[in-house]
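One letter stands for each residue in the lines below.
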Amino acid sequence: MITVVRRGGPALLAWLAGLVFFLPVAWMALTSLHSEQDAATNPPSFAASLTLDGYREFFGAGGGASPWPALINSVVASVASTALVLLLALPAAYALSIRRVRKWTDVLFFFLSTKMLPAVAGLLPIYLFARNAGLLDNIWLLVLLYTSMNLPIAVWMMQSFLAEVPVAVIEAARVDGASLPVILARVVAPIALPGIAATSLICFIFSWNELLFARVLTGVVAETAPVFLTGFITSQGLFLAKVCAASLVVSLPVLAAGFAAQDKLVQGLSLGAVK
């Protein structure tokens, strides 16, 4: 009996932890299917009738603004910035892990130190620069910002992933006359694909969920999905069901990306953990 408990204990704890993280999402999904009156009751009524009014209002059925421009802006900013991050982080991680530059540990610490500055501390200088450069309410400004914000963590992650690439394979490719871009694209990238997938997913999530800079630097043209979502919160009236519906819809791309890349994500995050 004790042996069974010892064997099943970690699995039971894992299931309990999963339920703890899943319950808020399930609660949000259930609330999104209630009317505003039922969603606002305290304690909530689980037997209340279900409706899709919250989703209809989110998609502009009640005469409100359409969410599609904001969703498209989020897709553009997240995908473009993630692609740029991978394009820059791969050669940087190669130089810090395989063909190590001098004082590479100091370089890694410098990358990490850039994440120590609170985002709000750089908000005013960036706003003034964007205003003077005429880049306010421009989606490509967000692409550059998200790229610079995610690049340090991407280099840190990919440096550890590329450190597991066998040097002998790279040396063989170099002997065959392969150039550095060819080595990165055809030798390093396929071997470190799980790590690259994990890095890209995390960068995509960070970009998709970013609110502070998007809220201050955008208006109507470059408004992203998180900024659009905050518009449902008002000082008057009931909005809980509509906010839950909007939150669930905005979260779906991230959840879908994580589900599609879950195998690569687990492989990438555990790469090098077991020798």
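Structural notes, computed from the coordinates. (Residues numbered from 1 in each chain as written. Predicted model: local features only at pLDDT ≥ 70, side-chain atom pairs only at ≥ 80, totals over all residues. Heavy atoms only, no water.)

1. A few points about the nonpolar core
Phase 1: Membership of the largest hydrophobic core comes to 25 residues, with the highest contact counts inside it found for Leu90, Tyr94, Ile98, Val155, Leu162, Ile170 and Val188.
Phase 2: Only α4 (68–97), α5 (104–113), α7 (139–162), α8 (167–175), α9 (180–191) and α10 (193–209) provide two or more residues apiece to this core.
Phase 3: Ranked by residues supplied to this core, first place goes to α4 with 6 residues.
Phase 4: Counting 19 residues, the second largest nonpolar core, distinct from the first, contains Trp208, Ala225, Val243 and Val254. (Core = buried A, V, L, I, M, F, W, Y, C linked by side-chain atoms within 4.5 Å. Buried < 20%, exposed > 50% of the residue type's maximum accessible area, 1.4 Å probe, protein only. Helix = DSSP H or I, 4+ residues; strand = E, 2+ residues; numbered from the N terminus.)

2. Quick word on α9
Phase 1: Between its first and last C-alpha, α9 extends 15 Å over 12 residues, near the 16 Å set by a 1.5 Å rise per residue.
Phase 2: Taken together, the buried positions of α9 are Ile183, Leu184, Val187, Val188 and Ala189.
Phase 3: Along its buried surface, α9 packs onto α4, α7, α8 and α10. (Expected span 1.5 Å × (residues − 1). Contact = heavy atoms within 4.5 Å.)

3. A short note on the environment of Ile98
Phase 1: For Ile98, the position within the fold is in the loop between α4 and α5.
Phase 2: Separated by 44 residues in sequence, Ile98 and Gly54 have C-alpha atoms that sit 52 Å apart.

4. Structural notes on the pattern of salt bridges
Phase 1: Scanning the model with the defined rule gives 3 salt bridges in all.
Phase 2: Between Asp53 and Arg56 there is a salt bridge, with the nearest N and O atoms lying 2.8 Å from each other. Linking Asp53 with Arg56, this pair stays in helix α3 (residues 53–58), spanning 3 residues, or about one helical turn.
Phase 3: For Glu171, the salt bridge is made with Arg174, and the minimal N-O distance between the two is 3.1 Å. (Salt bridge = Lys/Arg side-chain N within 4 Å of Asp/Glu carboxyl O.)

5. Points about the environment of Trp68
Phase 1: Here Trp68 is to be found in helix α4.
Phase 2: A relative accessible area of 49% places Trp68 in the partly exposed class.
Phase 3: When the C-alpha positions of Trp68 and Leu248 are compared, they lie 15 Å apart, and in sequence the two are 180 residues distant.

6. Observations concerning the packing of α10 against helix α13 (residues 240–260)
Phase 1: At a minimum axis distance of 10 Å, the contact between α10 and α13 shows a crossing angle of 175°. Our classification of the angle between α10 and α13 gives roughly antiparallel. Of the residues in α13, those touching α10 at Leu201, Phe204, Ile205 and Trp208 are Val250, Pro253, Val254, Ala257 and Gly258. (Axes fitted to C-alpha atoms, helices over the stretch in contact; angles between N-to-C directions. Parallel < 35°, antiparallel > 145°, perpendicular 65-115°, else oblique.)

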